[in-house]
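# Examining the three-dimensional arrangement
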Amino acid sequence: MIRIVDLYKKYRDTVALEGLNLHVKTGEFFGYLGPNGAGKTTTVKILTTLARPTSGTALIKGIDIIKNPIEAKKHTGVVPQAINLDMELTAWENLQIHGLLYNMNKKFMRQQADYLLAFVGLDKHRYRLVKNYSGGMKRRLMIARALLHKPEVIFLDEPTVGLDPTVRRQLWGLLKKINQEGATIFLTTHYIEEAENLCERVGIIDRGKLIALDKPKSLIASAGKIVVDVLEDDQLTSYFFTTRKEAGDFVAGLDLPATVRNANLEDVFVKLTGRRVKE
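Okay, so let's go over this structure.

Cut-off values and rules
Residues numbered from 1 in each chain as written. Predicted model: local features only at pLDDT ≥ 70, side-chain atom pairs only at ≥ 80, totals over all residues. Heavy atoms only, no water. Salt bridge = Lys/Arg side-chain N within 4 Å of Asp/Glu carboxyl O. Helix = DSSP H or I, 4+ residues; strand = E, 2+ residues; numbered from the N terminus. Buried < 20%, exposed > 50% of the residue type's maximum accessible area, 1.4 Å probe, protein only. Pairing = 2+ DSSP bridges. Axes fitted to C-alpha atoms, helices over the stretch in contact; angles between N-to-C directions. Phe/Tyr/Trp six-rings, centres within 6.5 Å; stacked < 30°, edge-to-face > 60°. Lys NZ or Arg CZ within 6 Å of the ring centre and 35° of its normal. 1 Å grid on protein atoms, 1.4 Å probe; cavity = no way out; pocket = protein on both sides within 12 Å on 5 of 7 lines; lining within 4 Å. Points joined across faces, edges and corners; volume = space filled by probe spheres on them. Nonpolar A, V, L, I, M, F, W, Y, C, P; charged D, E, K, R; others polar.

### So, the pattern of salt bridges
Counting across every chain of the model gives 13 salt bridges. Across the salt bridge formed by E193 and R168, the nearest N and O atoms sit 3.6 Å from each other. Taken as a pair, E193 in helix α7 (residues 192–198) and R168 in helix α6 (residues 165–180) lie far apart in primary sequence, 25 residues in all. Given a relative accessible area of 28%, E193 falls into the partly exposed group. Of the residues examined, R168 reaches a relative accessible area of 9% and is grouped as buried. Here D267 ties to R261 by a salt bridge, and the two come within 2.8 Å at their closest N and O atoms. Judged by its relative accessible area of 21%, R261 falls in the partly exposed class. The structure contains a network of salt bridges with shared partners spanning D114, D123 and R126.

### Some details on the sheet that holds strand β9 (residues 201–206)
Strand order in the open sheet formed by 6 strands is β6-β7-β8-β3-β9-β10, with mixed pairing between adjacent strands. Strands with a single pairing partner mark the edges of an open sheet, and in this sheet they are β6 (76–79) and β10 (209–214). Direction aside, the axes of adjacent strands within the sheet are offset by 15 degrees on average. Bridge count between strand β7 (residues 153–157) and strand β8 (residues 184–189): 5 bridges; the pairing is parallel. Counted as the bridge partner of F155 is F186 from β8.

### Examining the packing of aromatic side chains
Counting across every chain of the model gives 6 aromatic pairs. With 5.0 Å between their ring centres and 45 degrees between their planes, Y239 and F250 make a pair best called tilted. Highlighted residues: Y239 in strand β12 (residues 235–241) and F250 in helix α9 (residues 244–252), separated in sequence by 11 residues. A centroid spacing of 5.1 Å and a plane angle of 45 degrees characterise the contact between F241 and F250, whose relative ring orientation is tilted. Judged by relative accessible area, which is 15%, F241 ranks as buried. Among the aromatic residues, those joined into a cluster by ring pairs are F30, Y32, F155 and F186. In this arrangement the basic side chain of R168 is found over the ring face of Y191, its NZ or CZ atom lying 3.9 Å from the centre.

### Some words on the layout of surface pockets
The computed volume of the largest pocket comes to approximately 380 Å³. Lining the largest pocket are 18 residues, with V78, N84, H98, Y102 and R145 positioned closest to its centre. Secondary-structure elements contributing two or more residues to the lining of the largest pocket are β6, α3 (91–101) and α5 (135–147). With 4 residues, the top contributor of residues to the lining of the largest pocket is α3. For the lining of the largest pocket, a count of residues per class yields 8 nonpolar, 7 polar and 3 charged. Of the voids in this model, the second largest pocket is the one considered here, and its volume is about 290 Å³. Lining the second largest pocket are 14 residues, with L147, K150, P151, E181 and A183 sitting closest to its centre. Tallying contributions element by element places helix α4 (residues 106–119) first for the lining of the second largest pocket, with 4 residues. Here the lining of the second largest pocket is composed, by residue class, of 8 nonpolar, 3 polar and 3 charged.

Keep in mind these values describe shape, not function.
Have a look at this one:
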């Protein structure tokens, strides 16, 4: 569904993407993980035609997004990081405008709007001004808007940023339903648990380069399933082990504070880059 070949993006002296190659399968829930400034948002902007690459190729459903951007946009829905709803309009009016921009059939647009507002739990609030919505309600409306024209690919750029854990998990359930109904989802996030819980495969990007790509469990296993965090000279250092017994034997020989825990995707990132995702 998504194919990226040798993609470069340079802003003056800053290289945002450096030879990115990536394929995302039809119906896949794909996670794109990395710290701020790694190139996640730049990738999404290019794939959604909001930015042009310096060089390289990007295809959506076989359509070249540079040569045929309008055709490519018909197959994509976008939930950006920033909330860009019209606050002075109702949820229903926000959806109506989106439908008009996509030249949707009016009857089909109304049917879709009815279905999606119920799907995201906003049916009873359709005529409330969006400025009176909570953060979680605004995010749900943005997801409904992105789905209105029935795109095959949904791009979500940090969709749960700034939300409390309870609301974030509610949105996870919603995103899983969307994926189960057949949509390909491309999710950028720096929330480790979000990628681990939702994604079939995860790509880790750092400084414009894809440095790892696999299923979350496989990536974690490649780093070491068990981690020992040791406090050394006021610095927390992580050591990786295949089994808990190996980790226990290591701790037994220490004379320093240590914690034994299961590894996660952030540990993979730390092992590969020496930095944490949220730095």
